[in-house]
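# Observations on chain architecture
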Amino acid sequence: MSNQRRHRILMVSDFYYPNFGGVENHIYYLSQCLLTLGHKVVVMTHAYGNRSGVRHVTGGLKVYYVPWVPFIMQNTFPTLYGTLPIIRTILVREKISLVHGHQAFSTLCNEALMHARTMGYKVVFTDHSLYGFADVGSIHMNKVLQFTLADVSQAICVSHTSKENTVLRSGLPPEKVFVIPNAVDTAMFKPAAERLSSDEIIIVVISRLVYRKGADLLVEVIPGVCRLFPNVRFIIGGDGPKRVRLEEMREKHSLQDRVDMLGAVPHAKVQSVLISGHIFLNSSLTEAFCIAILEAASCGLLTVSTRVGGVPEVLPDDMIVLAEPDPDDMVQAIAKAIQILPQIDPQNMHLRMKKLYSWHDVAKRTEIVYDRALKCSDQNLLERLSRYLTCGSWAGKLFCLVMIIDYLLWHLLQLWKPDAHIEEVPDITYGQQEERPSNFD
Amino acid sequence: METGRTDSPASSQPKWRKVAYGGMQPGFDDNHIDESFLAEMVMNANVVKRSMLKVMLDSVSISQYLCVVALVVLVWTYTLQSIISENLLLLLDVIVLGLGFLVLVSTAETLSFSLLLNYFLKISFFITALYVLSPIYHTLTRSISSDSIIALTASLIVLHLFLHNYSGSTVKALGALENPSFTSNISLNASIVASLLIASRLPSRLHVFAIVFFSVQVFLFVPLVTYCIKKYSFRLHIFVSFVLMMVTLTFVYRLHTLLFVLFFGVLVFVNLVCPYWLIRIQEYKFEINGPWDEAKLCFDITE
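Rules used throughout
- All chains use their own residue numbering, which begins from 1 and follows the written sequence.
- Numbering of ligands from 1 and lettering of chains from A proceed in the order in which they are written.
- pLDDT decides what is reported in this predicted model: residues at 70 or higher carry local features, side-chain atom pairs at 80 or more are listed and counted, and totals for whole chains, interfaces and linings draw on all residues regardless.
- Neither water nor hydrogens contribute to the side-chain values; these are computed over all heavy atoms in the structure.
- Paired strands are those between which DSSP finds at least two bridges.
- Strands are runs of DSSP state E lasting at least two residues, helices are runs of H or I lasting at least four, and both sets are numbered from the N terminus onward.
- To obtain each axis, a line is fitted to C-alpha atoms, and for helices this fit is confined to the stretch in contact; angles are then taken between N-to-C directions over 0 to 180 degrees.
- By definition in these notes, contact holds between two residues if any of their heavy atoms fall within 4.5 Å.
- Basic side-chain nitrogens of Lys or Arg form a salt bridge, by our definition, when they fall within 4 Å of a carboxyl oxygen of Asp or Glu.
- Polar contacts, as counted here, are pairs of nitrogen or oxygen atoms within 3.5 Å of one another; within protein the pair requires one atom able to donate a hydrogen and one able to accept it, and residues that are adjacent in sequence qualify only if both atoms are side-chain atoms.
- Gly is put with the polar residues, along with every residue not named as nonpolar or charged; the nonpolar set is Ala, Val, Leu, Ile, Met, Phe, Trp, Tyr, Cys and Pro, and the charged set is Asp, Glu, Lys and Arg.
- The length a helix should cover is 1.5 Å for every residue beyond the first.
- Two axes are fitted around each residue, one to the seven residues ending there and one to the seven starting there, and the angle between them is reported as the bend at that residue.
- Partly exposed describes any residue whose relative accessible area lies between the buried limit of under 20% and the exposed limit of over 50%, with all areas from a 1.4 Å probe on protein chains only and scaled to the type maximum.
- For each domain, the first and last residues come from an automatic or database assignment.
- A quick way to say it: buried area is the sum, across both parts, of accessible area lost when two parts are put together, with a 1.4 Å probe.
- Pairs were defined over the aromatic rings of Phe, Tyr and Trp, the Trp ring being its six-membered one, requiring ring centres within 6.5 Å. Orientation was assigned from the angle between planes: stacked under 30 degrees, edge-to-face over 60, tilted for the rest.
- By the definition adopted for this analysis, an angle is roughly parallel if under 35 degrees, roughly antiparallel if over 145, roughly perpendicular if from 65 to 115, and oblique otherwise.
- UniProt positions are given in the numbering used here, feature names are shortened, and annotations may be inferred rather than shown by experiment.
- Confidence of the predictor in every single residue is expressed as pLDDT, which spans 0 to 100.

### Some details on the sheet that holds strand β8 (residues 122–127) of chain A
Residue and element names in this part refer to chain A. Read from one edge of the open sheet, 8 strands run β3-β4-β2-β1-β7-β8-β9-β10, paired in mixed fashion. Two strands close off the open sheet at either side, each with one partner strand: β3 (53–57) and β10 (177–179). Mean inter-strand twist for the sheet, computed between neighbouring axes without regard to direction, equals 25°. Two strands pair when backbone bridges link them, and strand β2 (residues 40–46) and strand β4 (residues 61–66) are joined in this way by 5 bridges, in the parallel orientation. Across the sheet, residue Met 44 finds its bridge partner in β4, namely Tyr 64. Relative to β4, helix α2 (residues 84–93) is tilted by about 165°, and along the sheet it contacts β1 (8–12), β2, β4 and β7 (98–102).

So, in C-alpha cells, the structure goes:
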C-alpha cells in the first residue's frame with residue numbers, strides 16, 4: 001500500500017474498554033480492521049480507575065488513557081478547553097492526519113473534535129444513538145451536537161433511521177452523512193455444533209435490565225408466553241434496576257422453574273448463553289442499531305424484536321419477527337416465531353450472517369469516508385466562523401466566541417511549546433500482522 | 001465520487017432499499033439520499049388548537065387561588081396589627097370550616113356517613129394536637145428578628161404560589177385519579193411553614209392556635225373545595241372566582257393603594273396577557289416525531 005493512502009487516525013471517545021457496549025465494540029473492531037488495511041490507528045479515551053497512560057493492545061493498536069476523571073455515566077467533566085494541551089500533544093506526537101470521534105454525548109469526543117478543527121485537522125464523527133426532540137436533555141444535547149457537527153468534515157451513522165435523526169438534530173446536509181452499520185465478529189459467535197432438541201423451546205434475553213431496554217415489557221410478555229406454550233423456557237442474562245421487577249413477576253406467576261435469571265453475563269460468555277436457546281428476544285424501546293441482534297443471529301437464533309428505531313433495517317425479513325412494543329403483539333410475534341422455528345437452520349443462518357456483515361467491510365466503507373474527508377477544502381478561521389454563526393441567533397454568537405478563544409489558546413500553546421519541541425513517535429510495524437486478520441472475517 | 005444516483009444504467013440497477021445488512025448496496029454510495037428520506041417524519045402531530053376564550057377561562061383557576069392566598073395574607077396582616085381579635089379569628093375558623101363542609105357535602109355525588117365521621121375524627125385530632133402544640137409555636141422564633149421572619153414568609157409564599165398545582169387539589173379528592181405530585185407537596189409544606197412563622201409573632205397562644213388553624217384549613221382544603229366546585233359546575237366556579245376577586249380587590253384597596261395596583265396588574269397579567277401570549281407563541285411550535293422516538297409503553301408500570 002502506498003504511503004500516501006495511509007491514514008493516521010485518532011479515534012476519540014469517552015467509551016472504550018474496559019467499559020463495555022456497542023460503541024466500545026465498534027471502535028475496537030473498526031480500529032483492528034483499519035490496522036490490517038495498513039492505516040495507523042490510535043485510540044484516545046479517559047482513564048478508567050488506575051488504567052491510565054498509554055497501552056498497546058492487539059495488532060499494534062495504541063490506546064491513550066488520558067488522566068481525566070469521568071464524573072457521570074463514564075463522561076468526562078466538560079471543560080471546553082481543559083483537554084486542548086493533551087489533545088494537541090497527541091495529535092502532533094502521533095502525526096495524526098484525521099480525527100474520528102464517536103458518540104454524541106461523549107464530552108471528550110466533542111472537545112477533541114472542536115480542538116482538532118481549530119488546529120486545521122479533518123474530522124469525522126460517528127453517531128451511535130438516537131435522540132428525541134421533546135425533553136430538556138435532548139434539546140441541550142442536540143444543541144451541543146449542532147455545535148460539534150457545524151464544522152465536521154463528514155459524519156457516519158449506524159443506520160438509516162439514525163441518519164435521519166442526526167440530520168434533523170444537527171442540520172447537517174444529508175449528503176455529508178454516511179450510513180455504515182455495525183458488524184459482528186462471526187468467528188466469535190458460532191452456532192452450537194449440534195442442533196438443539198425442539199421438545200423444549202428456550203427463549204434467550206440478554207440486555208441490561210433498564211427501562212429503555214424494555215424490561216417492563218418483558219414483565220408483561222413472559223407470563224403470557226408461558227401460559228400459551230407449556231414447553232417454553234426463558235433464560236434472562238443481564239442486570240439492572242428492573243431485575244427486581246422481573247424476579248417479582250417470576251414469584252407472582254410461580255415460574256421459578258421456567259425463567260432462569262443469570263445476572264450480568266460477561267461479553268466472553270454471551271455466545272455460550274446464546275447457543276443454549278432457540279429464539280432471541282429483544283424488547284428495547286429505542287435502538288439505533290442493536291448489535292445484540294446480530295450476535296444472536298450469528299449464533300443461529302431466530303430473533304423476535306420490537307419495531308423501534310433502526311431495528312427493522314438490521315436483518316432480512318425471514319431472519320427476524322418484528323412486533324410493536326405492546327405486550328399482546330409481542331406474545332403474538334413469539335407465537336409466530338415458535339411456529340416458523342422448524343424451518344430455521346442455525347448453521348445456514350450463521351453462513352448468511354457471514355455474508356451480510358463483516359467488520360472488514362465496515363472498515364473499507366469507513367476508509368472511503370476518510371478519503372472524502374481529506375479531500376474537503378481547507379478553510380480559514382473566518383470561513384469556519386460563518387458556519388457557526390448560522391447555528392442560532394444566540395447560540396451562533398456563543399459558538400463563535402468559544403471557537404475564537406480556542407484559536408487564541410492554541411496559538412498561545414504554540415508559542416509556549418512549539419510543535420518542533422514535541423517528540424514524534426516512531427511507527428512500529430508488527431511482524432505478526434499477517435496472521436491476525438482471520439479473527440474478524 | 002458523486003452521489004450514487006447518476007452512475008450505472010437504470011435498467012440493470014437494483015432498487016435502493018432502506019436496509020443496513022449486506023454491505024454497500026451496488027450502485028449506491030453510503031451517503032445516498034433516497035426519496036424515502038425523512039418520509040416517516042411527522043410534524044406537529046400532537047399540537048392542540050387553543051381558543052383564546054377557553055384559555056382565559058382556564059386561567060381563572062390561577063387568579064382564584066391568588067385571591068385566596070391574598071386573603072390569607074390580609075388576615076395575617078390585620079392580626080399582626082391587632083385589628084382582628086382572637087375571638088374574631090376563632091369565629092372565622094368556624095365559618096370557613098362550616099362553609100367548606102357545606103360545599104363538600106352539596107357537591108359530592110357519593111358521600112357516606114362513615115367518611116364524614118372519618119373527616120370529623122381527623123379534624124378533631126388535628127385541632128387537639130394544634131392546641132397542645134401552640135405554646136411551642138408561640139415561642140418558636142423568639143430569638144429571630146421580625147424582619148427576617150417577614151422576609152422568609154414572603155419568599156415561602158412566593159415558592160408556594162410557584163409550585164402550587166393549580167389544576168388539581170392538594171389533598172386527594174374523592175374520585176381523583178392521581179395522588180398529589182412531589183412539587184405540590186413541597187408547595188403545601190412551604191405554605192404551612194410560612195403560617196407557623198407568622199403565628200410565632202403573635203401576642204397570645206390562642207392567637208397562635210387560631211391563625212395556624214385558619215391557614216392550614218385554607219391551604220389544605222380550599223384547593224379541594226374549589227376542585228369540587230369546578231367539577232360540580234364550571235359556571236359556579238367562574239361565579240365564585242369573580243366574587244372572590246372583587247372581595248379581595250376591595251380589601252387590598254382598603255389596605256394600600258400601591259398594593260391594589262400591583263395585585264390588579266397581576267390579575268390582568270394572569271387572565272389576559274398570559275393567554276394572549278400563549279396563543280401567539282403557538283405558531284412557533286415545531287414538534288418532530290419519527291421512528292427514532294423512544295416507544296411509549298401502553299400500560300402502567302406498577303412498582
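Still more ground to cover, so stick around.
### Brief notes about the interface of chain A and chain B
When the parts of a complex come together, some accessible area is lost, and that lost area is often taken as the interface size. Chain A puts 43 residues into the contact, and the matching count from chain B is 33 residues. Taken together, the connections running from chain A to chain B amount to 4 salt bridges. Taking the shortest distance from any N to any O, the salt bridge between Asp 29 of chain B and Arg 372 of chain A comes out at 3.3 Å. Where chain A touches chain B, the interface holds 13 residue pairs in polar contact (both at pLDDT 80 or more). Secondary structure elements with two or more residues in the side of chain A that touches chain B: α5 (160–170), β10, α6 (215–228), α10 (311–314) and α13 (359–375) of chain A. A total of 7 residues in the side of chain A that touches chain B trace back to one element, the largest contributor, which is α5 of chain A. Along the lines of polarity and charge, the residues of the side of chain A that touches chain B split into 24 nonpolar, 6 polar and 13 charged.

### Quick word on helix α8 (residues 257–281) of chain B
Residues and elements named next belong to chain B. For α8, built from 25 residues, the straight-helix expectation of 36 Å at 1.5 Å per residue is met to within 8% by its first-to-last C-alpha distance of 34 Å. At Phe 269, α8 shows its largest bend, some 40°. For α8, the complete set of buried residues consists of Phe 263, Leu 267, Val 270, Asn 271 and Pro 275. Taken together, the buried residues of α8 touch α1 (52–80) and α7 (234–255).

### A look at the domain arrangement of chain A
Residues and elements named next belong to chain A. We note that the domain assignment places domain 1 (8–183 + 360–421) and domain 2 (201–356) within chain A. Put simply, the middle of domain 1 and the middle of domain 2, counted by C-alpha atoms, are 34 Å apart. Counting residues at the interface gives 14 residues for domain 1 and 11 residues for domain 2. Interface area for domain 1 against domain 2, summed over the two sides, is near 950 Å², with a carbon-plus-sulfur share of 63%. Considering only the surface of domain 1 that becomes buried against domain 2, Phe 20, Leu 130 and Asn 182 emerge as the three largest contributors, covering 42% of it. One can count 0 salt bridges joining domain 1 with domain 2.

### Some details on the packing of aromatic side chains
Tallied over the entire structure, the rule returns 23 aromatic pairs over all chains. Taken together, the aromatic side chains of Tyr 16, Tyr 17, Phe 20, Tyr 28, Tyr 29 and Trp 359 of chain A make up a single cluster linked through ring pairs.

### Points about the packing of helix α6 (residues 205–232) of chain B against α7 of chain B
The relative placement of two packed helices is expressed as an angle between their axes plus a distance between the axes. All names here are of chain B. Between α6 and α7, the least distance of the axes is 5 Å, while the angle of their chain directions is 135°. It follows from the interaxial angle that α6 and α7 lie oblique. Together, Ile 229, Lys 230 and Tyr 232 of α6 and Phe 234, Leu 236 and His 237 of α7 make up the contact between the two elements. A per-class count over the contact of α6 with α7 returns 4 nonpolar, 1 polar and 1 charged.

### Re the UniProt feature "domain: PIGA GPI anchor biosynthesis" (unreviewed entry) in chain A
Those places that UniProt annotates as "domain: PIGA GPI anchor biosynthesis" (unreviewed entry) correspond, in this numbering, to residues 46–135 of chain A. Helix makes up 24% of residues 46–135 of chain A and strand 31%, and the two end C-alpha atoms of the span are 28 Å apart.

### Section: the confidence of the model for chain B
Residue and element names in this part refer to chain B. Looking at chain B, the pLDDT average stands at 86 and 91% of residues meet or exceed 70. Contacts for the low-pLDDT stretch residues 1–10, under 50 throughout, to residues beyond four places or in other chains number 16 contacts. Note on the complex model: pTM 0.78, ipTM 0.78.

### What to know about the side chain of Ser 215 of chain B
Residue and element names in this part refer to chain B. Inspection of the secondary structure assignment puts Ser 215 in helix α6. Of note is the side chain of Ser 215, whose polar atom sits 3.2 Å from the side chain of Trp 76. When neighbours within four sequence positions are excluded, Ser 215 is seen to be in contact with Trp 76 and Ser 195.

### A few points about the UniProt feature "domain: Glycosyl transferase family" (unreviewed entry) in chain A
Here, the residues flagged by UniProt with the feature "domain: Glycosyl transferase family" (unreviewed entry) are residues 193–339 of chain A. For residues 193–339 of chain A, the end-to-end C-alpha separation is 23 Å, with 39% helix and 20% strand making up the annotated structure.

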